[in-house]
Amino acid sequence: MNDANPLKSAVTDTLQRPLRDLRISVTDRCNLRCTYCMPREVFGKGFIFLQRVELLSFEEITRLARLAIDLGVRKIRLSGGEPLLRHGVERLIEQLAGLPTTDGQPLEIAMTTNGTLLAKKAQSLKDAGLTRLTVSLDALSAATFRRMSDSTASVAQVLEGIAAAQAVGLAPLKVNTVVKRSVNEGEILPLVRHFRHNGVILRFIEFMDVGTTNGWRLDDVVTAREILNRIDREYPLRPVDPNYAGEVAKRWSFIDGGGEIGVIASVTQAFCHDCSRMRLSTDGKLYTCLFATAGSDLRGPLRGGESDAALRQRIAEVWARRTDRYSQLRHAATVQPVKRIEMSYIGG
Ligand code: SAM
Ligand code: SF4
Ligand code: SF4
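Every chain's residues receive numbers from 1 upward, in the order its sequence appears when written. Labels are handed out in written order, letters beginning with A for the chains and numbers beginning with 1 for the ligands. Confidence filtering applies because this is a predicted model: local features only for residues at pLDDT of at least 70, side-chain atom pairs given and counted only at 80 or more, and all residues used for totals across whole chains, interfaces and linings. Values shown for side chains rest on all heavy atoms present in the structure; no hydrogens or waters enter the calculation.

Participant: Describe the environment of A249, and please don't skip the residues or the numbers.
Facilitator: A run of H or I in DSSP counts as a helix once it spans at least four residues, and a run of E counts as a strand once it spans at least two, with each numbered from the N terminus. Mapped onto the secondary structure, A249 falls in the loop between β7 (237-240) and β8 (250-254). Residue burial is assigned from relative accessible area. The probe radius is 1.4 Å, only protein chains are included, and a residue is buried under 20% of its type maximum, exposed over 50%, and partly exposed in between. By relative accessible area, which is 7% here, A249 ends up buried. Distance from A249 to V263, taken between C-alpha atoms, is 5.2 Å for residues 14 residues apart in sequence.

This is how it looks when you write it as structure tokens:
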């Protein structure tokens, strides 16, 4: 690919937000059917997932990632669907980890996984160059886990995966818990007790109105404030400064030295003002917001032979036009339902 007339500088959007993070969905398939993400009524037997030829290849993903790095990206997160279902995903990590940054700043390669297939893969992921790992786990009790994930997978499988990842040095490991009113709110304290003093950073996420299939209602959201109050009553907390500007999770540490937790208040305390995340769907569309209604196709131009410079320009223009601040604008009573994109497709 020729690279005449390269535009190789950082871009900012209409609200002066730089492009720093790229989330890549490597598959739209998943072995769980979490009710808040891929409800079985919609993603059941009749659902048509993408065909192999429609997926971006690892080479195509790596090429687009390289161009996004030229425009400012310094953190890449692989997601999905369930990223560990993508055959040979370690090879993609290896390719991404080999990409240079022009300013010498390290490139972070992270992954979010449901952890069910992690135990056997932790070592190969680490060896391939994965730098950070987040495992999603919504409950410790078997019944509640089953209810949240609507699957026959077990909590033990996920805990084994977490232990394996810690053993190979994928630290500090984060565990994400989405909290849904009356379903798993009773798991907050058991999860805290389990992961305190364990080197794991547990992060509670407010249940979001992503996509259009999860039947979201504001009443189902347990707010970050409420979550923190519950924890603080048993294990007093103090706030911790963010690691960097734009960090999504608000950090808290246990006063008794038990470690750190985080809350992601996507609904009640929107963080659009410094959102620097772009998403690449499994079939090569770029989205500039989790709540986007449409994406910009890159696969067509990519497979049509477009040069690096032209593709880079295309990505830069998508970012430069970006006006998204959905969560800031969200007002439960007034937001009209629109046809949004499912999270399993563009990557959480
Ligand atoms: N399958 C992987 C997993 O579950 O970790 C990666 C993809 S998943 C879409 C990424 C993250 O999005 C998970 O931590 C999941 O809990 C979160 N998520 C999905 N739907 C959500 C929703 N409606 N509200 C809040 N978080 C959600
Ligand atoms: Fe699958 Fe992750 Fe969505 Fe659950 S949250 S259905 S594990 S993609
Ligand atoms: Fe970023 Fe969109 Fe979420 Fe706001 S709503 S934080 S712009 S992804």
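Following the structure, the description resumes.
Participant: Residue-level account of the nonpolar core, with values.
Facilitator: I76, L78 and F204 are the most contacted members of the largest nonpolar core, which has 105 residues in total. Here this core gets 7 residues from one element, more than from any other, and that element is helix α1 (residues 58-70). By definition, residues are in contact when any of their heavy atoms lie within 4.5 Å. For I76, the contacting residues outside a window of four places in its chain are L22, I24, A65, I69, L96, L107, E108, I109 and A110. Buried Ala, Val, Leu, Ile, Met, Phe, Trp, Tyr and Cys residues that are joined via side-chain atoms within 4.5 Å together make up what is termed a nonpolar core.

Participant: Tell me about the site of ligand 2, residues and numbers included.
Facilitator: Nearness here has a simple test: a residue counts as near a molecule or strand if at least one of its heavy atoms is within 4 Å of that partner. Close to ligand 2 lie C30, L32, C34, Y36, C37, M38, G81 and N114. Residue type decides the class: Asp, Glu, Lys and Arg count as charged, Ala, Val, Leu, Ile, Met, Phe, Trp, Tyr, Cys and Pro as nonpolar, and the leftover types, Gly among them, as polar. Taken together, the residues of the shell around ligand 2 sort by class into 6 nonpolar, 2 polar and no charged.

Participant: Tell me about helix α2 (residues 89-97), residues and numbers included.
Facilitator: For the α-helix, the turn length of 3.6 residues means that residues three or four positions removed from each other point alike. Taken together, the buried positions of α2 are occupied by V89, E90, L92, I93 and L96. All buried residues of α2 lie within an arc of 155° about the axis, which places them on one face of the element. Check the buried side of α2 and you find it contacts α1, β2 (75-79), β3 (108-113) and α3 (118-128). The directions considered for the arc run from the helix axis to the C-beta atoms.

Participant: Can you break down the confidence of the model for the protein residue by residue, with the values?
Facilitator: Residues at a pLDDT of 70 or more form 92% of the protein, whose mean pLDDT is 92. Counting interchain partners and residues more than four positions distant, the pLDDT-below-50 stretch residues 332-338 has 6 contacts. Each residue gets a pLDDT score, which is the predictor's confidence in that residue and runs from 0 to 100.

Participant: Would you mind going over the sheet that holds β8 in detail, with residue names and values included?
Facilitator: We treat two strands as partners when DSSP finds at least two bridges between them. Spatial strand order, β7-β8-β9-β6-β5-β4-β3-β2-β1-β10-β11-β12: 12 strands in an open sheet with mixed pairing. Whereas interior strands pair on both sides, the edge strands pair on one side only; in this sheet they are β7 and β12 (296-297). The pairing of β7 with β8 spans 4 bridges and is antiparallel. In the sheet register, V240 faces β8, and the bridge partner there is R251. A fitted line through C-alpha atoms serves as each axis, taken over the contacting stretch for helices, and the angle formed by two N-to-C directions is quoted from 0 to 180°. Where α1 meets the sheet, its contacts fall on β1 (21-25), β2 and β10 (277-280), and the angle it forms with β1 comes to roughly 165°. The strands touched by helix α7 (residues 224-234) are β5 (174-179), β6 (201-206), β7, β8 and β9 (260-264); relative to β9, the strand with the most contacts, the crossing angle is about 155°.

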